[in-house]
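# A look at the structure
Next come the chains, spelled out residue by residue.
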Amino acid sequence: MTGWRSQWRLVLLNSLTCGLEICVAAGITYVPPLLLEAGVEEQYMTMVLGIGPVLGLLFIPLIGSASDHCNSSYGRRRPFIWLLSLGVLIALLIIPHADVLAANLSWGSTRRNQALQVGLLILGVGLLDFCGQVCFTPLEALLSDLYREQDDCGQAFAMFSFMVSLGGCVGYLLPAVDWSGGLLSFYLGGQAECLFSLLILIFVVSVLVTMKVSEEPTSTTEPGPSEPGRCFPRSCCYLFPCKLRVLKSGPLMCLLRTCWSMTPVIYRSYCHVPRVMRQLCLAQLCSWMGVMSFMLFYTDFIGEGLYEGVPSAAPGTALRQRYDEGIRMGSLGLFLQCATSTFFSLAMSRLVRLFGSRTVYLSSMVCFTISALVICLSKSVLLVTAMSALTGFAYATLQTLPYTLTCHYHKEKEVYMQNSKTKKTHTNGFTITRDSVCLTLDNGPGDLNHKSGVSNGHAPHKRDKPEYFPPLHNQNGLESEDFEKRGVGLDFAILDSTFLLSQVFPTLFMGMIVQFTESVTAYIASSAIFGAIGIYFATHIIFDQKDLRS
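What this report covers is the structure whose coordinates are included nearby. As the structure is a prediction and not an experimental result, all values here were calculated from the model.

This next bit is on unusual backbone geometry. The phi angle at Glu308 is positive, at roughly 55°, despite the residue not being glycine. Locating Glu308 in the fold gives a position in the loop between helix H14 (275-306) and helix H15 (318-355). Here Glu308 falls in the exposed class, since its relative accessible area comes to 55%. In this structure, Glu518 is a non-glycine residue whose phi angle is positive, near 60°.

Spelled out as structure tokens, the structure:
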């Protein structure tokens, strides 16, 4: 995939990725002050921010696997993208006008007005966070469908990570601009109305561009297991496809029918994960918990810990001014983090070619953990800001490498997704175990040696003899696992679930931890601890076939 036309197409294809990140970053950054102004306490405000991730954990496996089976004439992934984009648009309309909607629905009651305003804000925040985060799953699956070769897939997800980082940069900058003094503020009603009107415009344009550029195949038929160029097989769920009469009634009915019929099977397969995916997801979860604990509370740490401000102080006082100044400096640090992530996203393919995926992944998490420790111990604003910028390396890595590894697992799933349990059957009087079969191909013609009794089904490694691990199929009484029918949408959903789960713990428990320790430094200290745990589990990730022998 070379040439400026291919790269430009990738940019247009990922425009919705950028638009989503802009809306989520700007919206979630601007929402906490709105919640506090509406009377929500800070402890409950962090719980409100956890509503979207919790809902995402419940519905992401359903959406990921259902997109593998959708038979809509609009394609497999795009109906889900349209539906989730509609949810984001509704949230962007509700949040800035929650007070007006509450006033019109309260019929003059002040107490009801405040309750309705808080309820509408919570609805808007949950909808924005849920739809915005979950929409990334079908977008990732769409990229994997369009770019099947391993090198092309790596470049596609590097561009995906770049657009996410670019969207974060823009999203963090937009709330920092004073929109209240412009002409639009006079017509639209204020800072919040101007900001969210701009977000709506950006989002609608990005949706239309991505939907126009993506030419998704309408057929669910995919290459067979032995066909060259195959990257992503069908899902592991045996489900009934939408019937023709349902298809004729529209893509939405097909989408809903597919989701309803496959729900129980999806969650069973969601819990039955191949070993390589389990190890990758565990490292991804711990790494994301470190990064998200840092990103969610970094500005509050700078305002209260470094600048020693008080958020509850009266406006105009010295304590409040120090806190506001710290928030602005914290926003600058997050912007620099996104800028650094943008740079590393562009260089990710080259770094992987030079140093390998393992070295890049581990070095990014080591860099993040050291940076978090320095931020905890330092009182220098300049040094803390520089360290926050370095954390962008880990953010870019977590947005890219796990997805390219998943693509690699699916392309060679007869190697990476074999069942770890021993299967025994009797054929013609012989007892055959899955873990006892390994074929070693010698350089000489026709030399085929059978190795048996070797742990994990692998023969002792020989440098001059490449090994071949044949897949076992349901033939002649030999049982086989259904991992070879596992869909990439489901595994992408599992990866995205780790990202959402990493937000649930900080939003639900960080407030209590800070109250117990009576120091906001606990925010960054927790992220450093999670980063160190992530480094440990990252050493167990299967990056290539050599790791399977260990």
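From this point, things continue past the structure.
One pass over the full model with this rule turns up 15 aromatic pairs. Ring centres of Phe343 and Phe344 lie 5.3 Å apart, and the angle between their planes is 75°; on these two criteria the pair is classed as edge-to-face. The exposed category is assigned to Phe343, whose relative accessible area is 54%. On the basis of relative accessibility, which here comes to 18%, the residue Phe344 falls in the buried class.

In this section: the side chain of Ser293. Within the element layout of this structure, Ser293 appears in helix H14. A polar side-chain atom of Ser293 sits 2.6 Å from the main-chain carbonyl oxygen of Met289. Excluding anything up to four places from it in sequence, Ser293 contacts Trp288, Pro506, Met510, Tyr523, Ser527 and Phe530.

Moving on: the state of the cysteines. The final tally for this structure, using the stated rule, is zero disulfides. The thiol sulfur of Cys23 is not disulfide-bonded, and the nearest other cysteine sulfur, from Cys18, lies at 9.5 Å.

Rules used in this analysis
- Residues numbered from 1 in each chain as written.
- Predicted model: local features only at pLDDT ≥ 70, side-chain atom pairs only at ≥ 80, totals over all residues.
- Heavy atoms only, no water.
- Helix = DSSP H or I, 4+ residues; strand = E, 2+ residues; numbered from the N terminus.
- Buried < 20%, exposed > 50% of the residue type's maximum accessible area, 1.4 Å probe, protein only.
- Phe/Tyr/Trp six-rings, centres within 6.5 Å; stacked < 30°, edge-to-face > 60°.
- Polar contact = N/O pair within 3.5 Å; in protein donor to acceptor, adjacent residues only side chain to side chain.
- Contact = heavy atoms within 4.5 Å.
- Disulfide = S-S within 2.5 Å.

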